[in-house]
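Examination of the molecular architecture
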Amino acid sequence: MPAFQPVVLTTQRLQLRFINDGDVDSVHRLFTDPEALRYWSFAPWTDRSQAEETVRDTQAAYEDGSILTFAITLAGSGDMIGKCRLSKFSEQNRRSEIGYILDRAHWGKGYAKEALAALIGHAFGPLDLLRIEADVDPRNDASCKLLERLHFMHEGHLRQRWIVAGEVCDTAFYGLLRQDWEAAKVA
Ligand SMILES: CC(C)(COP(=O)(O)OP(=O)(O)OC[C@H]1O[C@@H](n2cnc3c(N)ncnc32)[C@H](O)[C@@H]1OP(=O)(O)O)[C@@H](O)C(=O)NCCC(=O)NCCS
């Protein structure tokens, strides 16, 4: 994709904004929580330098158009409570993959659904995508439920797709088409 220019997505309770240098501690907190990382594609971080490197890589990815990441912040306080992103863009096929994580203190409040609905609206609106994919550990009930609430369809089960800290894991593959999203919003 072309370079991503900073944009803010606003919902009822949240603001989604670009990641900046001041987010290192929040990013570090997200990716050191073993419970939040239970079904992630890599093991929890052990060093703050991993957060510093990720923030640098995230900013470089805005420039080269490879990954579009948003910090999920509370509209009132501005506190960063999670992040979500679109990666693996295929311009030719107008598709991308969605990823997301919320600080555990903010689970169960509907924030993930609210944030992802804004990101999906951006993907099917200004970015003009036709399809969004998600690759989830089938045991990750909260994530599967979230995707289904957002009208993703479970499209398949891919066996032994990941090895995370020595554990072999399967994938539940989900897809959302723009036409499904628009039909669901109208319904
Ligand atoms: C996946 C993840 C983001 C889901 O977060 P979540 O808070 O469960 O998701 P939602 O925002 O949709 O919240 C839904 C829950 O909030 C409840 N809720 C409370 N207030 C709500 C409100 N105002 N609006 C909507 N839902 C509300 C819902 O009832 C629902 O609870 P339920 O699942 O018990 O029915 C979170 O579990 C997470 O960060 N996990 C770790 C990272 C991860 O695994 N990421 C995915 C990798 S594929």
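In this text, all values refer to a predicted model and were calculated from it rather than measured experimentally.

Compared with the 24 Å implied by 1.5 Å per residue over 17 residues, the 25 Å span of helix α2 (residues 48–64) between its first and last C-alpha is a close match. Ala-51, Val-55, Thr-58, Ala-61 and Tyr-62 are the residues of α2 that are buried. The buried side chains of α2 occupy one side of the element, clustering within an arc of 125° when seen end-on. Facing away from the buried surface of α2 by more than 90 degrees, the exposed residues are Arg-56 and Glu-63.

Moving on, we get to the sheet that holds strand β5 (residues 95–102). Read across the sheet, eight strands follow the order β1-β2-β3-β4-β5-β6-β8-β7 without closing on themselves; strand pairing throughout is mixed. Strand pairing shows two members of the sheet lacking a second neighbour, β1 (9–10) and β7 (153–164), which therefore form its edges. Against the sheet, helix α4 (residues 141–149) engages β5, β6 (131–136) and β8 (167–177), with an angle of about 165° to β6.

On to the UniProt feature "domain: N-acetyltransferase" (unreviewed entry) in the protein, then. Those residues carrying the UniProt feature "domain: N-acetyltransferase" (unreviewed entry) are residues 26–180 in this numbering. Overall, residues 26–180 shows 31% helix and 35% strand. The separation of its end C-alpha atoms is 34 Å.

Going residue by residue along strand β2 (residues 14–17), you find Leu-14 and Leu-16 tucked away on one face and Gln-15 and Arg-17 left uncovered on the opposite face. Inspection of the sheet shows β1 paired to β2 by two bridges, in the antiparallel sense. In the strand pairing of β2, Thr-10 is matched with Gln-15. The hairpin turn running from β1 into β2, its antiparallel successor, is three residues long. Where β2 meets strand β3 (residues 68–74), four bridges bridge the pair, whose relative direction is antiparallel. Note that in β3 the partner of Arg-17 across the bridge is Ala-71.

About the thresholds
- Residues numbered from 1 in each chain as written.
- Predicted model: local features only at pLDDT ≥ 70, side-chain atom pairs only at ≥ 80, totals over all residues.
- Heavy atoms only, no water.
- Helix = DSSP H or I, 4+ residues; strand = E, 2+ residues; numbered from the N terminus.
- Expected span 1.5 Å × (residues − 1).
- Buried < 20%, exposed > 50% of the residue type's maximum accessible area, 1.4 Å probe, protein only.
- Arc of directions from axis to C-beta.
- Pairing = 2+ DSSP bridges.
- Contact = heavy atoms within 4.5 Å.
- Axes fitted to C-alpha atoms, helices over the stretch in contact; angles between N-to-C directions.
- UniProt positions renumbered as here; feature names shortened; annotations may be inferred.

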